[in-house]
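Residues per chain, in single letters:
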Amino acid sequence: MVGLLSADDPAAAYVRYLPQLRREYAFWMQGAEGLRRGTARRRVVALADGSILNRFWDDRDTPRDESYAEDTELAHDRRP
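Okay, so let's go over this structure. (Residues numbered from 1 in each chain as written. Predicted model: local features only at pLDDT ≥ 70, side-chain atom pairs only at ≥ 80, totals over all residues. Heavy atoms only, no water.)

Remarks on the sheet that holds strand 1 (residues 40–41)
Strand pairs in the sheet, formed through backbone hydrogen bonds, run parallel or antiparallel to each other. This is how the line gets drawn: For two strands to count as paired, DSSP must find a minimum of two bridges between them. Here a strand is any run of E in DSSP of at least two residues, a helix any run of H or I of at least four, and the numbering for each starts at the N terminus.
Strands sit in the order 1-2-3 across an open sheet of three strands; the sheet is antiparallel. Each edge of the sheet is formed by a strand with only one pairing partner; in this case those strands are strand 1 and strand 3 (52–54). Sheet analysis places strand 2 (residues 44–46) next to strand 3, joined by three bridges and oriented antiparallel. Looking at the pairing, Val 44 lines up with Asn 54 of strand 3.

So this is what it looks like as structure tokens:
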């Protein structure tokens, strides 16, 4: 995606946006250091083979603003 910002010279776009790319990467990898195989922390999961998988994760226990109706309906359907 970033390379598309400069069709003539994709590398220039990577250079220009490198600080933002690094911040994005740090956000998704937060908690990965020291994570044991088969465990998860925030947005990172360490698989049994040692590879790292990122996941969408939210630590709030309230419905998301962008899908309030769907989240409340889902929570209601799961109640005993």
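Overview of the pattern of salt bridges
Defined as follows: A pairing counts as a salt bridge when a side-chain nitrogen of Lys or Arg comes within 4 Å of a carboxyl oxygen of Asp or Glu. Burial status follows relative accessibility: with a 1.4 Å probe on protein chains alone, a residue under 20% of its type maximum counts as buried, one over 50% as exposed, and anything between as partly exposed.
Summed over the entire model, instances satisfying the criterion amount to one salt bridge. Here Arg 60 and Asp 58 are joined by a salt bridge, their closest N and O atoms 3.4 Å apart. Classification of Arg 60 by relative accessible area gives partly exposed; the value is 41%. Residue classification places Asp 58 among the partly exposed positions, given a relative accessible area of 37%.

Some words on the side chain of Asp 71
Threshold: Contacts: residue pairs with any heavy atoms within 4.5 Å of one another.
With respect to the helices, strands and loops of the structure, Asp 71 is situated in helix 2 (residues 68–77). Of the residues examined, Asp 71 reaches a relative accessible area of 17% and is grouped as buried. Setting aside anything within four residues of it in sequence, one finds Asp 71 in contact with Pro 63 and Arg 64.

Function cannot be read off these values alone, since they describe shape.
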